[in-house]
Amino acid sequence: MKEMISKASTRFLSLDVFRGLTICLMIVVNTPGTGANLYPYLVHANWFGFTLADLVFPSFLFAMGNAMSFSMEKLKSASPSFVWKKILKRTCLIFLIGYLMYWFPFFQHTNGMWELKPISETRIMGVLQRIALCYFFASIILYYLSQRVALILSGVILLAYWLVLYLFGDSEGVLDMATNAITKLDLNILGDGHIYKKDSIPFDPEGILSTLPSIVNVLAGYIAGVFVQQKGKTYEGISKLLIAGFLLVSLALWWDLVFPISKKLWTSSFSLYTIGLDLSIMAILIYGIEFKNIKLGVKFFNVFGKNPLFIYLFSELFYVVLCQINISSSMNLFEWISENIFQNVFPGSFGALITAIVFMLLCWILGWWLDRKRIYIKI
C-alpha cells in the first residue's frame, strides 16, 4: 500500500463514477441502522432471488475489470517475471488485509481479561479475499490469453460451475445451504472455524468454489472497458452496450428457470444477470456524463472512485470500532446512535437508511480529504 500523486488519466470519467457508485452503495448496504426493519431492496436475497444489494459486489468486480483494461496493455509489454511479481504482490496484500480485517481488533475481553482472539476462529475467505483471487486469476488469463479466448473461457467457467454444483452437491438438496458443493468444499478445506457464521448455518457466501464464476465478472468488466475505449463515445458503442446488456439479462432469466439466480451461491445465472445490468448502467452513465455532460453527483461519486479499496477498508474497520464500544450490556455505540438519535427523528425503515447514509457520508469526507490532498492509496 503506498501513496501516489495524481496524474493525468485517459480513463473515462463515467467509469470512475461507476466504481465510486458501487463503493457508495456497498457501504450503505453493509452498515444499515438498527431498531427497525430494513427496506427489502437494501437486504441481500435470503437464498434465491435478487435485490439491489446483490448487485453491489459483482459491480465492484466488474469495475475492477474496467480499471484493468487501462493497465493491462502496459503489463503485456513487460517481462513475465515482472508481471508475476506485481500480480502476486498485490494479490497477497489484498488477501492479507482482508484476513486481518476479519481478525480485527485482534483482542477480546473475556472473564475480565484481555486475550488474543483465536486464529482458529478467524474467517479466511471474504470480500477482499475474493477481490484478491479474482484479480489474480483474471490478470493471468488476460496476460497470457487473447480477449476472444478470455470470452470463450468465461462461458466454459459458467457452464463448468453449473455442472460441478449439480454433480457434487447432495442429491436431496443440490443447491440447499447445508448440502451444496460450495459448503462441502469449504468445510473440508477451511473447517467450521474459518467460515462465515452469521447465516442460519455456517456457510460462506465468498467461499472457495463460488469464487470461480465471480472471475467472469472481472473478465466481462475488462472486455467492456476495452470496448468503451474503442467505441464508447459513440452512439453505436452505447447501443451495443445496451443490446449486450439486454441479451445477457434475458439469457440469465432463462437460465434462472433451471439454475436459479443466487448471490450467495454466485450461480452462473447470477453472474450473467449482474454483468448484463452493469453493461446497461455503464451505457447510461456514458451517455449522461460523456455525451450530455451531466455533472450532478459526478464529483461526489468520483471521490469514492479515487480511493475505492482504501475507503471500503476504512468503512469496515470504522464500523467494527463503533460496534466494539459498549454503551450498555445490550447495546453498542453504533446501535445507540441508530436507535436513540436517528430512530427518534426518522422512525422506521427510513431511519435505518438515514443511519447508513450518514455513516457513508463520514467515509466520503475521508475520501474527499484524501482527494483534496491529492493522496491516492493504491492497494
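The shown structure was predicted, so the numbers you read here are calculated from the model rather than taken from an experiment.

**Some points on the side chain of serine 139**
Then step 1. Mapping serine 139 onto the fold places it in helix α4 (residues 127-144).
Then step 2. A polar atom in the side chain of serine 139 sits 2.6 Å from the backbone oxygen of tyrosine 135.
Then step 3. Excluding its chain neighbours within four sequence positions, the residues that come into contact with serine 139 are Met68, Met72 and Ile87.

**With respect to the pattern of salt bridges**
Then step 1. Applying the stated rule across the entire model yields 8 salt bridges.
Then step 2. Between arginine 19 and aspartate 16 there is a salt bridge; the shortest N-O distance is 3.4 Å. Taken together, the residues span about one helical turn, with arginine 19 and aspartate 16 both in helix α1 (residues 13-30) at a distance of 3 residues. A single burial state applies to arginine 19 and to aspartate 16, both of which are buried.
Then step 3. A salt bridge links arginine 123 to aspartate 204; the nearest nitrogen and oxygen atoms lie 2.7 Å apart. You can see arginine 123 sitting in the loop between β3 (113-116) and α4 and its partner aspartate 204 sitting in the loop between α6 (181-189) and α7 (211-231), a full 81 residues away along the chain.

**Quick notes on the packing of aromatic side chains**
Then step 1. In this structure the tally under the stated criterion is 27 aromatic pairs.
Then step 2. Between phenylalanine 50 and tyrosine 273, the aromatic rings sit 4.9 Å apart at their centres with planes inclined by 85°, giving edge-to-face as the arrangement. With phenylalanine 50 in the loop between α1 and α2 (52-76) and tyrosine 273 in helix α9 (residues 268-291), the pair connects residues that are 223 residues apart, well separated along the chain.
Then step 3. Geometrically, the ring pair formed by tryptophan 84 and phenylalanine 136 is edge-to-face, given 6.1 Å between the ring centres and 65° between the ring planes. Taken together, the positions of tryptophan 84 in helix α3 (residues 80-103) and phenylalanine 136 in helix α4 put the pair 52 residues apart, joining distant regions of the chain.
Then step 4. In this structure phenylalanine 136 comes out as buried when scored by relative accessible area, which is 17%.
Then step 5. Joined through ring pairs, the aromatic side chains of Phe50, Phe57, Trp266, Phe270 and Tyr273 make up one cluster.
Then step 6. Stacked on the ring of tyrosine 135, the Lys or Arg arginine 90 has its end atom at 4.8 Å from the ring centre.
Then step 7. Across the ring face of tyrosine 102, the terminal group of arginine 123 is positioned such that the distance to the ring centre comes to 4.8 Å.

Calculation rules
- Residues numbered from 1 in each chain as written.
- Predicted model: local features only at pLDDT ≥ 70, side-chain atom pairs only at ≥ 80, totals over all residues.
- Heavy atoms only, no water.
- Helix = DSSP H or I, 4+ residues; strand = E, 2+ residues; numbered from the N terminus.
- Polar contact = N/O pair within 3.5 Å; in protein donor to acceptor, adjacent residues only side chain to side chain.
- Contact = heavy atoms within 4.5 Å.
- Salt bridge = Lys/Arg side-chain N within 4 Å of Asp/Glu carboxyl O.
- Buried < 20%, exposed > 50% of the residue type's maximum accessible area, 1.4 Å probe, protein only.
- Phe/Tyr/Trp six-rings, centres within 6.5 Å; stacked < 30°, edge-to-face > 60°.
- Lys NZ or Arg CZ within 6 Å of the ring centre and 35° of its normal.

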